[in-house]
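Summary of structural features
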Amino acid sequence: ALFQSIERVRESALAELLGAASLTETEALRIKYLGRQGTVTELLKGLKDVDPATRPEVGKRVNALKGVLEVRLAEVTAKFRASEQAQAISRERVDAALPGRRIPRGHPHPIRMVMDEVIDCFAALGFSVFEGPEIETDYYNFEALNVPADHPARDMQDTFYTTDGRLLRTHTSPVQIHVMERLQPPVAMIAPGAVYRRDSFDASHSPMFHQVEGLMVDRGITFAHMKGILSLFWKKLFGEQCRVLLRPSYFPFTEPSAEVAIGCVVCRGKGCRICKQSGWLEVMGCGMVHPNVFRAVRYDDKVFSGFAFGMGIERIAMLKFGIQDIRLFFENDVRFLEQFR
Ligand code: PHE
């Protein structure tokens, strides 16, 4: 009976091993038969209770069974290991002849492109570039620039104020003040950067946009120097044939003040929707630095004179690229941006 049951264990073990479909199943069978409480192990443990007469023969057969199972288990395990490795090799195969994946190359935003072009123009003329904080005090944004206390720009309706009594600069002109506080004339500087106004967000307005400010101060600087440099600049930006016009205007921080208009780049002066049939496009504010501004930074206005100017970059970019809606610059739809590479 004992010999028969050893024989049955052998048959079932070999049959199950033949049916094993994976490494895990094979391992389960090893535990079932040869593990610490496995069937074959239990048979070996039971040897001590077997009749001493048959014990040597029973022992021999159980050990033989154990040996056979160990060999078969090793074979089956090796078979599964090999096929698993073959699969891994084909899965992880590297085709060295495959073309590389292209990483899309980025490019500057159209606003940055125009800003850089403006900066390069003035840098070539000897202007230095300065940046100032976007969160300003009333003093730098208004007071030192001779903006009166009752000026509408100071209204909550027009300016973003912070809860701690500061504000988001409404123009880049405060950078002039920071620079003049630190440097003595001669000064030739530009200040590019973002500015903020409580405007609607529509085709021509945005609560955040970009300006480039400029300032030149020295002995004997006149309105003619301003006109010469600004004409040169606009011709560089829109071509030698670009016409430049100065018209009287008003800013609290310049006297006299002017606005610069260029011949309409869309209709070449004939009159169209963009220039509102006037043939001219207003592109810049400028003027001779007001004596009160010089006094605020302790420059002697009897000795020094200068001019300042400021322009909106989005507007220039819209004219340069023929864009009708300022919001396109801020929505950053890649289908729009990709056209500027
Ligand atoms: N700061 C003015 C504005 O934002 C522009 C300007 C700058 C005008 C310098 C004159 C001189 O409209």
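Each remark here, short or long, concerns the structure printed above.
We now turn to the structure provided with this report. Along every chain, residues carry numbers that run from 1 in the direction the sequence is written. Reporting in this predicted model follows two pLDDT cut-offs: at least 70 for local features of residues, and 80 or more for side-chain atom pairs to be given and counted; totals over whole chains, interfaces and linings ignore these cut-offs and use all residues. The side-chain values count all of the structure's non-hydrogen atoms but skip hydrogen atoms and water molecules.

Two rings from Phe, Tyr or Trp (for Trp, the six-membered ring) form a pair when their centres sit within 6.5 Å of each other. Planes less than 30 degrees apart are called stacked, planes more than 60 degrees apart edge-to-face, and all others tilted. Under the definition given, this model contains 15 aromatic pairs. A centroid spacing of 6.4 Å and a plane angle of 70° characterise the contact between F127 and F309, whose relative ring orientation is edge-to-face. Taken as a pair, F127 in the loop between α5 (110–124) and β1 (128–129) and F309 in strand β9 (residues 305–312) lie far apart in primary sequence, 182 residues in all. Of the two residues examined, F127 and F309, each falls in the buried class. A helix here means a DSSP run of H or I that spans at least four residues, while a strand means a run of E at least two residues long, and both kinds are numbered starting from the N terminus. When accessible area is computed with a 1.4 Å probe and restricted to protein chains, residues below 20% of their type maximum are described as buried, those above 50% as exposed, and intermediate ones as partly exposed.

With that settled, the discussion passes to the site of the ligand. Distances are taken per atom, and a residue is near a molecule or strand as soon as one of its heavy atoms is within 4 Å of it. In the neighbourhood of the ligand, 13 residues make up the surrounding shell, with H171, S173, R197, Q211 and E213 lying closest. Polar contact is defined as a pair of N or O atoms within 3.5 Å, subject to the rule that within protein one atom must be able to donate a hydrogen and the other to accept it, and that residues adjacent in sequence are counted only when both atoms are side-chain atoms. Take R197: an N or O atom from its side chain is 2.9 Å from an oxygen atom of the ligand. At a separation of 3.0 Å, an oxygen atom of the ligand approaches a polar side-chain atom of Q211. In isolation the ligand offers 330 Å² of accessible surface; the protein chains occlude 89% of this area. Per element, the largest residue contribution to the shell around the ligand is three residues, and it comes from β9. For accessible areas, the Shrake-Rupley method is used with a probe of radius 1.4 Å. Any residue's cover is judged against the shown protein chains and nothing else.

Now for the nonpolar core. Think of a nonpolar core as a cluster: buried Ala, Val, Leu, Ile, Met, Phe, Trp, Tyr and Cys residues, connected wherever their side-chain atoms sit within 4.5 Å. The biggest cluster of nonpolar side chains holds 48 residues, and the ones touching the most others in it are F122, W234, F309 and M311. Residues contacting F309, with those up to four places away along its chain left out, are F122, F127, I190, V212, E213, G214, L215, L230, M284, G285 and C286. By size, the runner-up hydrophobic cluster in this structure holds 23 residues, among which are A144, M180, F253 and V297. A contact between two residues is defined here by any heavy atoms of the two lying within 4.5 Å.

Here, a salt bridge means any Lys or Arg side-chain nitrogen found within 4 Å of an Asp or Glu carboxyl oxygen. By the definition in use, this model includes 19 salt bridges. Here K45 ties to E42 by a salt bridge, and the two come within 3.3 Å at their closest N and O atoms. Taken together, the residues span about one helical turn, with K45 and E42 both in helix α3 (residues 39–46) at a distance of three residues. A relative accessible area of 36% places E42 in the partly exposed class. With a closest N to O distance of 3.2 Å, D164 and R166 form a salt bridge.

So, about the sheet that holds strand β8 (residues 280–289). One requirement defines pairing of two strands: DSSP has to find at least two bridges between them. Taking strand neighbours across the sheet as the criterion, the seven strands line up as β1-β4-β5-β9-β8-β7-β6 in an open arrangement whose pairing is mixed. Strands at the two margins of the open sheet, each flanked by one partner only, are β1 and β6 (244–251). Relative to β9, β8 is paired through four bridges, and the arrangement is antiparallel. Bridge pairing in β9 places C286 opposite F309. Fitted lines through C-alpha atoms give the axes, limited to the stretch in contact for helices. The angle between two N-to-C directions lies from 0 to 180 degrees. Contacts from α5 reach β1, β4 (187–196), β5 (208–218) and β9 within the one sheet, and its direction differs from that of β4 by about 165°.

Assignment of secondary structure puts H109 in the loop between α4 (55–91) and α5. A residue is classified by how much of its surface remains accessible, and H109, at 22% relative accessible area, is partly exposed. In the structure, H109 is positioned 92 residues away from F201 in sequence and 20 Å away in space, judged by C-alpha atoms. A distance of 2.8 Å separates the side chain of H109 from the backbone oxygen of F329, its partner in a polar contact.

That is the geometry; function is a separate question.
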